[in-house]
There are 4 protein chains.
Amino acid sequence: MLVVMAANASEQEVRGVIDFLDKLGVAGQPVGGPACTTIHVVSARNGIDSRQIRLLPGVTQVVRDGKAYKLASRDHYPADTVIKLPQASIGPDTFTIIAGPCAVENEAMAMRTAEFLMSRGVRLFRGGAYKPRTSPYSFQGLGQEGLDILGRVRKQTGIGIVTEVMDVDHVDEVEAAADIVQIGTRNMQNFSLLKRVSRSSKPVLLKRGLSATLDEWLMAAEYVMSGGNARVILCERGVRTFADHSRNTLDLSVIPAAKKSCHLSILVDPSHGTGNRDHVMPMALAGLAAGADGLLIEVHPDPPRALSDGAQSLDFGQFDLLLLKLTELAAVFGRKLN
Amino acid sequence: MLVVMAANASEQEVRGVIDFLDKLGVAGQPVGGPACTTIHVVSARNGIDSRQIRLLPGVTQVVRDGKAYKLASRDHYPADTVIKLPQASIGPDTFTIIAGPCAVENEAMAMRTAEFLMSRGVRLFRGGAYKPRTSPYSFQGLGQEGLDILGRVRKQTGIGIVTEVMDVDHVDEVEAAADIVQIGTRNMQNFSLLKRVSRSSKPVLLKRGLSATLDEWLMAAEYVMSGGNARVILCERGVRTFADHSRNTLDLSVIPAAKKSCHLSILVDPSHGTGNRDHVMPMALAGLAAGADGLLIEVHPDPPRALSDGAQSLDFGQFDLLLLKLTELAAVFGRKLN
Amino acid sequence: MLVVMAANASEQEVRGVIDFLDKLGVAGQPVGGPACTTIHVVSARNGIDSRQIRLLPGVTQVVRDGKAYKLASRDHYPADTVIKLPQASIGPDTFTIIAGPCAVENEAMAMRTAEFLMSRGVRLFRGGAYKPRTSPYSFQGLGQEGLDILGRVRKQTGIGIVTEVMDVDHVDEVEAAADIVQIGTRNMQNFSLLKRVSRSSKPVLLKRGLSATLDEWLMAAEYVMSGGNARVILCERGVRTFADHSRNTLDLSVIPAAKKSCHLSILVDPSHGTGNRDHVMPMALAGLAAGADGLLIEVHPDPPRALSDGAQSLDFGQFDLLLLKLTELAAVFGRKLN
Amino acid sequence: MLVVMAANASEQEVRGVIDFLDKLGVAGQPVGGPACTTIHVVSARNGIDSRQIRLLPGVTQVVRDGKAYKLASRDHYPADTVIKLPQASIGPDTFTIIAGPCAVENEAMAMRTAEFLMSRGVRLFRGGAYKPRTSPYSFQGLGQEGLDILGRVRKQTGIGIVTEVMDVDHVDEVEAAADIVQIGTRNMQNFSLLKRVSRSSKPVLLKRGLSATLDEWLMAAEYVMSGGNARVILCERGVRTFADHSRNTLDLSVIPAAKKSCHLSILVDPSHGTGNRDHVMPMALAGLAAGADGLLIEVHPDPPRALSDGAQSLDFGQFDLLLLKLTELAAVFGRKLN
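Residues numbered from 1 in each chain as written. Chains lettered and ligands numbered in written order. Predicted model: local features only at pLDDT ≥ 70, side-chain atom pairs only at ≥ 80, totals over all residues. Heavy atoms only, no water.

1. Some details on the interface of chain A and chain B
No. 1: Taken residue by residue, the interface counts 52 residues in chain A and 52 residues in chain B.
No. 2: Together, the buried faces of chain A and chain B total about 4400 Å²; carbon and sulfur atoms form 48% of this surface.
No. 3: Between chain A and chain B we count 2 salt bridges in total.
No. 4: Between E216 of chain A and R240 of chain B there is a salt bridge, and its shortest N-O distance comes to 2.6 Å.
No. 5: Counting across the chain A and chain B interface gives 25 residue pairs in polar contact (both at pLDDT 80 or more).
No. 6: Of all elements in the fold, only helix 1 (11–23), helix 2 (50–54), helix 6 (191–197), helix 7 (214–226) and helix 10 (277–290) of chain A reach the threshold of two or more residues within the side of chain A that touches chain B. (Contact = heavy atoms within 4.5 Å. Buried area = accessible area lost by both parts, 1.4 Å probe. Salt bridge = Lys/Arg side-chain N within 4 Å of Asp/Glu carboxyl O. Polar contact = N/O pair within 3.5 Å; in protein donor to acceptor, adjacent residues only side chain to side chain. Helix = DSSP H or I, 4+ residues; strand = E, 2+ residues; numbered from the N terminus.)

Encoded structure:
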């Protein structure tokens, strides 16, 4: 940590900072001349609160050296993480489609969608059994029954399952049903849940929180990784801003930034990102062009009758059009669609 | 629900909307002349997805009539909710201080702080046993040991306890230790947790999410209330914006807006709201002036040595100064400090 | 305009709204049954303040029918606007590159950059003579001398010139020097300036304001168009959000939304959008994939020595790499690079 | 400036930074040990682009020492600026009300309002002759006729005039008519206009931009001050965020932060800040409690018939109620209402 003193900081103020650090049990070493003094803080300890030091007289800025996340950091682990599943591989050489309905509504629609997807070469199915809903009066998902349906879909079609877990008590069941366990936007900082899935044998798809910075997101990944589960996949799904022309603001610029800071794969969810099926195709293509490793995308056999998020779901014909365009585009970027 | 058609919408487009509604099993009644057609949707059903209808050809806007929350709404329950505890009363005639350290660090400091507060007439103590921390490497709270300490603090001093619960599995213990159960910012939309505390016998202090709209916040309250626990207290603690001069942007304007929409009490947390103890006093006073029913505020016997959030904690002397000013101000607004 | 009454609005409240409208000289016609009353407001007048009516007792929502912009609206003018210049054409069939340094620093560098660009088939040159700078102590541009340089660059190389005008007093000179006049982000709602360029014979490149909604942006375009200059080109350059991993948040999702609402072309500025040359290429490609009609991009012969925005400028080698990739990608989308 | 190197930065990377600085003509001095190297940049030159250095290999952070604004900074000028006008004084010991209609609509209403205000002891009148409006089709103000009316209002009642100038060409006339010249939100970074009013003999009321950081706002003040006009008054009027319960988010926490960073007075505009007259009183009182030096507030003899912003204007009775409460509150804070 570095403590930057004001240009006009007095010797007494510099002294004050060093004494304060001393009380915390860490050493501060002043460097630089009178016009620009910095105090280097040498400590192996975590948990020194930089905001406190910031408030001391004469202090201008406190700079942390190094990222708070280690396991997720590309500085420490330069090679890209590749998640290999029996059905598909997620990493820099592929472009992975995870598609399906927002919610598992019944077995027929789930099966029909999975069969359609498999016929198109899509090997991972998304569908929620537990649904986080803003209103207590909205459809909350089929719960265990939904997981059972997903299990039969997997058995019959061979498709891999990606489904959300909302609380610690359901992790066992979701793990059993899923090939990838999803942590939703609203739970990105549900630390109890993160700790629980850090002991899971399944990869974790970690959606970005509605107003999470990149650092907070990677710290959430670090929760999972530091508990022993290194197989984390990031998913950008739009953040909350003042803009009102789309449901959320899909922040594609986080893709190159995340790729630089960490070695994890990153997917894009243009369905939640835009909230509008007419905008899903352009933003899906833009995600691929921006460097994403795949998509999480809502497809429904009959969007107008979907129990949730029908407005942002593609029907099978629209999905086919998208797939066509993605295939062309993936070739330009040397990625293999899977 | 009202579907507003474009000025130049064709008869066929109007027909299309009505047919679409018909497929969903609800009736649409077109009203208004050719220059401005509206379709009134008559339905008792929840869960019609207005975004879908918005995407139909010729549709300009879809307007929901009525709020999605009912139990929290002032339209339905005009009288202010007053939460009466043995120690204090939270409502429109009082101004309630809930004070204490960010985290329970050990018994001595918790006891000392509680005794100080009781000596000043403050009857509710805040202090975290379970702490949500951005980094897995930061101090995570004492857990059950912290709750035990809080129990002894309550027993010895008589002060009421407000403490956070972070997951469903700990609700029993937290309920036993607390007079008010706190749901933190990051859990405002942890729906499993909301459902669990909706069956609690203790009042719930519900902090606003980092980027929650007022409606989403009141829907979260509705989760608690619709499960049977009507004793919800709101707490504004700053939202996330582009502004970088304070840790969060304390949104005091939500106070009059919330008071108009719902009948619940609303507190302000100027400690998290500003992240800077120098700004706590002005924002605490501003909260009272804006119509808040009380404060959640961090006080620590030795802020520089606090294990978390020391930068935003007042020491006892600063707290005394604040109390003095609050007393004067509360008199102007006809509120009794408690 | 539609005034939606609350479900429990009294007859007297409905009456109150109609009387209020009457005082404003417009007629209100109540429609719908008791459970859901709407008042249709029939008026040719602009300037009825919907927020006022919103505050009347019993009113739930006020809905405007139709957009406030007319000339920019695709509802009124469905065909895409194509801007034809001697050097290049901007519209749905092309992908137009406007490249060059942030500021014109001296004649040699401007000439060298223009010659490089022409050799690569780029026909439009960007470069600021007047520079809006946050600090009064930063380099403010060469002013008239910069315009003179641009004139010589155009004469010698044949490249078209795009340059910013910052105030009404300089419009004449900028118009004389430029093929496209640029209105910068900070001036998107400088209405005096918009009115002045609405009388210009040159097309106007209108950058989105730092926190402008799509509607506000199109209303700014309407200022230019309603004054008689229909040749407006939009340019997305990043908006301000909480996100701190890039200088601004490039909002590519505004592209499909703008294309739906208006008939104007829209460019993307990935240089200002990201503030980081390493992220320019992915976001430029993503812009093309999202449906943009071209790029505004910073190129500098020696970015480390640039007087402004060197961090986000590509050098010639990097620009060549980008061009290569853009060419491949444009082919996929059936657009001709120019 | 300080360049903080990554923990694992190589000697070559440190060398690279120093060489880069050398090319820019400034010296870099490495300090600190191998675990944490910092490079101190010693230079009197402005305009070194820190973002460029940030992108060099091995660099983690670049820290500027000192604020970019000097004349506005409290570090350099610790004493509070007091603006003394014949009618009123703006500074830390007073609480100054500037009230009046959004726009000057006609002489009768302006005169009536001014007389009412003078009878209540309010000595500064606000009212726009030039109005910035989002739509070109909205009422744009009376222009010179409005200024003439303001002149007669001042002459007849003795009230001081605060009115907005929107462009360089009108500054002479506005200066002649006004006691304080207002720069509106949309023009906070209209640098040409800032430079022009920096040569004015009248104080400048500088509203915060819709998404301006505190530093940007103070840099805009610096534009005015560095041109020779030290009499700048800040005015917070709400910023743009995701929140939709009020027109803007009134950021009262900027008051203590601004007071710490600069020596200028700061007012609050609760009318634009909330957009809703029902919320004006609580937020006006909260502004005073948070440390503001006064209010800019909309009052209209007949708000329902106001040509602009009627929804947020108080009528005379509401203003009297507010004044009563402000008087009580000002006493608590030792401020004299004027």
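There's more to say after this.
2. Concerning the side chain of T157 of chain B
All names here are of chain B.
No. 1: Relative to the helices and strands, T157 is located in helix 4 (residues 144–157).
No. 2: In terms of polar contacts, T157 uses its side chain to reach the backbone carbonyl oxygen of V153, at 2.7 Å.
No. 3: Here T157 is in contact with M111, A114, E115 and M118, once residues within four sequence places are set aside.

3. Notes on the packing of helix 10 (residues 277–290) of chain C against helix 11 (residues 316–332) of chain C
Residues and elements named next belong to chain C.
No. 1: Where helix 10 meets helix 11, the closest approach of the two axes is 10 Å, and the angle between their N-to-C directions is 15 degrees. On the basis of their axis angle, the class for helix 10 and helix 11 is roughly parallel. Helix 10 and helix 11 meet at a crossing whose hand is right-handed. Every residue of helix 11 that contacts helix 10 at R277, M281, A284, L285 and L288 is listed here: Q318, L321, L322, K325, L326, L329 and A330.
No. 2: Per-class residue counts for the contact of helix 10 with helix 11 are 9 nonpolar, 1 polar and 2 charged. (Axes fitted to C-alpha atoms, helices over the stretch in contact; angles between N-to-C directions. Parallel < 35°, antiparallel > 145°, perpendicular 65-115°, else oblique. Left-handed = near helix turned anticlockwise from the far one by under 90°. Nonpolar A, V, L, I, M, F, W, Y, C, P; charged D, E, K, R; others polar.)

4. Some words on the relation of the copies chain A and chain B
No. 1: When chain A is fitted onto chain B, the two copies agree to an RMSD of 0.0 Å after a turn of 180 degrees and an axial shift of 0.0 Å. Interpreted geometrically, this transformation is the action of a two-fold axis. Within chain A, the C-alpha atom positioned nearest to the axis of rotation is that of S211 of chain A, 3.2 Å from it.
No. 2: Taken as a fraction of all interface residues of chain A, those also at the interface in chain B reach 100%, which identifies the copy contact as same-surface. (Least-squares fit on C-alpha atoms with pLDDT ≥ 70 in both.)

5. Examining the pairing of strand 11 (residues 204–207) of chain A
Consecutive side chains of a regular strand alternate in pointing toward one face of the sheet and then the other.
All names here are of chain A.
No. 1: Neither face of strand 11 is open: one carries V204 and L206, the other L205 and K207, and all of them are buried.
No. 2: The pairing of strand 10 (residues 180–183) with strand 11 spans 3 bridges and is parallel. If you follow Q182 over to strand 11, its bridge partner there is L205.
No. 3: Between strand 10 and its parallel partner strand 11, the chain crosses via helix 6, and the hand of that crossover is right-handed.
No. 4: Taken together, the 4 bridges between strand 11 and strand 12 (residues 232–236) define a ladder with parallel strand orientation. Counted as the bridge partner of V204 is V232 from strand 12. (Buried < 20%, exposed > 50% of the residue type's maximum accessible area, 1.4 Å probe, protein only. Pairing = 2+ DSSP bridges. Right-handed = clockwise from strand over helix to strand, strands pointing away.)

6. Brief notes about the packing of aromatic side chains
Two numbers describe a pair of aromatic rings. These are the distance of the centres and the angle of the planes.
No. 1: Under the counting rule described, the total for this entry stands at 12 aromatic pairs over all chains.
No. 2: Aromatic side chains F116 of chain B and F319 of chain B sit 5.9 Å apart centroid to centroid with 65 degrees between the ring planes, which places their arrangement in the edge-to-face category. Of this pair, F116 of chain B sits in helix 3 (residues 107–119) while F319 of chain B sits in helix 11 (residues 316–332), placing them 203 residues apart in sequence. Each member of the pair F116 of chain B and F319 of chain B is classed as buried.
No. 3: One aromatic cluster in this structure is built from F116, F316 and F319 of chain A. (Phe/Tyr/Trp six-rings, centres within 6.5 Å; stacked < 30°, edge-to-face > 60°.)

7. Observations concerning the side chain of N187 of chain B
No. 1: Of note, N187 of chain B is situated in the loop between strand 10 (180–183) and helix 6 (191–197).
No. 2: Not counting the four nearest positions on each side in its chain, N187 of chain B is found in contact with N190 of chain A together with E164, V165, M166, L193 and L194 of chain B.

8. Describing the confidence of the model for chain A
No. 1: Taken over all residues, the pLDDT of chain A has a mean of 92, while the share at 70 or more is 96%.
No. 2: ipTM for the predicted complex: 0.91, alongside a pTM of 0.92. (pLDDT = per-residue confidence, 0-100.)

9. Some thoughts on helix 10 (residues 277–290) of chain B
The α-helix advances 3.6 residues per turn, and as a result positions three or four apart in sequence lie on the same side.
All names here are of chain B.
No. 1: Helix length check: helix 10, at 14 residues, gives a terminal C-alpha distance of 20 Å against a target of 20 Å (1.5 Å per residue), a fit within 8%.
No. 2: By the criterion of burial, helix 10 is predominantly enclosed, with 12 of the 14 residues buried.
No. 3: Those residues of helix 10 lying buried are R277, H279, V280, P282, M283, A284, L285, A286, G287, L288, A289 and A290.
No. 4: Here helix 10 starts with a cap whose side-chain oxygen sits 2.9 Å from the backbone nitrogen of D278, and that cap is N276.
No. 5: Of the residues trailing helix 10, G291 is marked for its positive phi of about 110 degrees. (Expected span 1.5 Å × (residues − 1).)

10. Re the nonpolar core
No. 1: Within the largest apolar cluster, 320 residues are counted, with the highest numbers of intra-cluster contacts made by F319 of chain A, F319 of chain B, F319 of chain C together with F319 of chain D.
No. 2: Here F319 of chain C is in contact with I97, A99, F116, L117, V122, I297, V299 and L314 of chain C, once residues within four sequence places are set aside. (Core = buried A, V, L, I, M, F, W, Y, C linked by side-chain atoms within 4.5 Å.)

11. Details of the pattern of salt bridges
Residue and element names in this part refer to chain A.
No. 1: Under the counting rule described, the total for this entry stands at 72 salt bridges over all chains.
No. 2: For K325, the salt bridge is made with E328, and the minimal N-O distance between the two is 3.8 Å. Linking K325 with E328, this pair stays in helix 11 (residues 316–332), spanning 3 residues, or about one helical turn.
No. 3: One network of salt bridges, in which partners are shared, links D172, E175 and R196.

12. Focus on the state of the cysteines
As used in these notes, a disulfide is a covalent bond between sulfur atoms, one from each of two cysteines.
No. 1: Tallying each qualifying case throughout the model produces 0 disulfides over all chains.
No. 2: Summary of cysteine pairing: C102 of chain B is not part of a disulfide, and the nearest cysteine sulfur, belonging to C235 of chain B, is at 13 Å.
No. 3: C262 of chain D takes part in no disulfide bond, and the closest cysteine sulfur, belonging to C235 of chain D, lies 13 Å away. (Disulfide = S-S within 2.5 Å.)

13. Observations concerning the packing of helix 10 of chain A against helix 8 (residues 254–261) of chain C
No. 1: Look at helix 10 of chain A against helix 8 of chain C: their axes get within 9 Å of each other, and the N-to-C directions meet at 135 degrees. Of the possible angle classes, the one that applies to helix 10 of chain A and helix 8 of chain C is oblique. The handedness of the crossing between helix 10 of chain A and helix 8 of chain C is right-handed. Contact with helix 10 of chain A, carried on its side by D278, H279, P282 and M283 of chain A, involves P256, A257 and K260 of chain C of helix 8 of chain C and no other residues of that element.
No. 2: Partitioning the contact of helix 10 of chain A with helix 8 of chain C into residue classes produces 4 nonpolar, 1 polar and 2 charged.

14. Side note on the pairing of strand 1 (residues 2–5) of chain D
Residues and elements named next belong to chain D.
No. 1: The alternating pattern of strand 1 places L2 and V4 on one face and V3 and M5 on the opposite face, and all of these are buried.
No. 2: By the bridge criterion, 4 bridges tie strand 1 to strand 4 (residues 59–63) in an arrangement that is antiparallel. Across the sheet, V4 pairs through a bridge with Q61, a residue of strand 4.

15. Side note on unusual backbone geometry
No. 1: In the Ramachandran plot, D309 of chain B falls in the positive-phi region, its phi being about 60 degrees despite a non-glycine side chain.
No. 2: On the secondary structure map, D309 of chain B appears in the loop between strand 14 (294–298) and helix 11.

16. Notes on helix 3 (residues 107–119) of chain A
All names here are of chain A.
No. 1: Here helix 3 spans 18 Å end to end across 13 residues, near enough to the 18 Å set by a 1.5 Å rise per residue.
No. 2: Buried residues of helix 3: M109, A110, M111, T113, A114, F116 and L117, and no others.
No. 3: Contacts from the buried residues of helix 3 go to strand 7 (94–100), strand 8 (124–126), helix 4 (144–157) and helix 11.
No. 4: With its phi angle positive at about 85 degrees, G121 sits one or two positions after the end of helix 3.

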